[in-house]
Amino acid sequence: MPQTDSALELSFRMGQALLENGAEISRVQETMERVVQSYQVESFNVYVLTNAIFVTGTEAGVEHAAKLKHVPSTSTHLGRICAVNQLSREIAQGEHTVAEAFAQLDSIETLPYSPLPLAVLGCAVGSAAFSYLFGGSPFDAFVAFFCGLALECYLYFAGKRGMSKFLTNLSASALVTLCGGVLFLCGLGHNMDKIIIGSIIRLVPGVALTTSIRDFFHGDYLSGAIRMLDAFLVGGCIAVGVGFVVKVLSTLTGGALL
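What counts, and where the lines are drawn
Residues numbered from 1 in each chain as written. Predicted model: local features only at pLDDT ≥ 70, side-chain atom pairs only at ≥ 80, totals over all residues. Heavy atoms only, no water. Pairing = 2+ DSSP bridges. Helix = DSSP H or I, 4+ residues; strand = E, 2+ residues; numbered from the N terminus. Salt bridge = Lys/Arg side-chain N within 4 Å of Asp/Glu carboxyl O. Buried < 20%, exposed > 50% of the residue type's maximum accessible area, 1.4 Å probe, protein only. Axes fitted to C-alpha atoms, helices over the stretch in contact; angles between N-to-C directions. Parallel < 35°, antiparallel > 145°, perpendicular 65-115°, else oblique. Left-handed = near helix turned anticlockwise from the far one by under 90°. Contact = heavy atoms within 4.5 Å.

(A) Region of interest: the pairing of strand β1 (residues 43-49). Judged from the seven bridges that link them, β1 and strand β2 (residues 52-59) form a sheet pairing that is antiparallel. Among the inter-strand pairings, Val-46 is bridged to a residue of β2, identified as Val-55. Linking two consecutive strands that pair antiparallel, namely β1 and β2, is a turn of two residues.

Here's what the structure looks like:
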């Protein structure tokens, strides 16, 4: 079955693109069902989990057996999710043939993440802003800015090395706490806690937690529980990384960080 002629394959790939970029389960299933309905596929059944898609269907009188695809979780890319959603709306309005939709999807799947310099700057500015927002002084925000610079550079390095999510969050939270602690001991900043809070905001799994709650509301309890557990484990890794470094520095300096 040629890939560019199959509405089932198009639906499958669109669902995969949504899932691997962080979309909630209900959105993935709804998009896939909308696509096959638009191309008048005879029958279609889909079951989606947080890291897998199961599909069966009948197209052009040919019954296709269950197709399973493991979809590993990657970084959230809201731009790709938005683009796939827009493509599904255009398909529902009859604006694309299957081949044209495949061409659009190929372009969507290659949408890049933010370039490294912009990502580093964004992380630094965000860290400084959150540090100030949570009650820190301008000097605390200044320190958090440099911690954010170090954090995003480290995350880029960890991503290139293929480090696991939990080890990455554990080591990254320890790194920014160490950077903030050293600068604080050098006389920069007034509140160590505000520096740390601003610096680790980049690591907080807010999107994953929000998505898990949305999955619960849509009745996808298994996927919601998996994502919520993942968010809590990431949060635990962040807490361990921060706590360990604070404890070590406090012990070495006689409580100067407290």
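(B) A look at the pattern of salt bridges. A complete count under the given rule lists nine salt bridges for this structure. Here Glu-30 makes a salt bridge to Arg-34, at a shortest N to O gap of 2.9 Å. On the criterion of helical spacing, the pair formed by Glu-30 and Arg-34 is a turn pair, its members being four residues apart in helix α2 (residues 25-38). For the salt bridge of Lys-194 with Asp-193, the shortest nitrogen-to-oxygen distance reads 3.0 Å. Residue classification places Lys-194 among the buried positions, given a relative accessible area of 18%. By relative accessible area, Asp-193 is classed as partly exposed at 40%. By sharing partners, the salt bridges in this structure join Arg-13, Asp-106 and Glu-109 into a single network.

(C) Structural view of unusual backbone geometry. Positive phi values are uncommon outside glycine, yet Gln-40 reaches one of about 55 degrees. Topologically, Gln-40 is positioned in the loop between α2 and β1. For Gln-40, a relative accessible area of 68% translates into the label exposed.

(D) Representation of the packing of helix α6 (residues 138-161) against helix α7 (residues 165-185) in the model. In the contact formed by α6 and α7, the axes pass within 9 Å of each other and the chain directions differ by 150 degrees. What the angle tells us is that α6 and α7 run roughly antiparallel. For the element pair α6 and α7, the recorded crossing hand is right-handed. Across the interface between the two elements, Val-143, Phe-146, Cys-147, Ala-150, Leu-151, Tyr-154, Leu-155 and Ala-158 of α6 pack against Thr-168, Ser-171, Ala-172, Leu-175, Val-176, Cys-179, Gly-180 and Leu-183 of α7.

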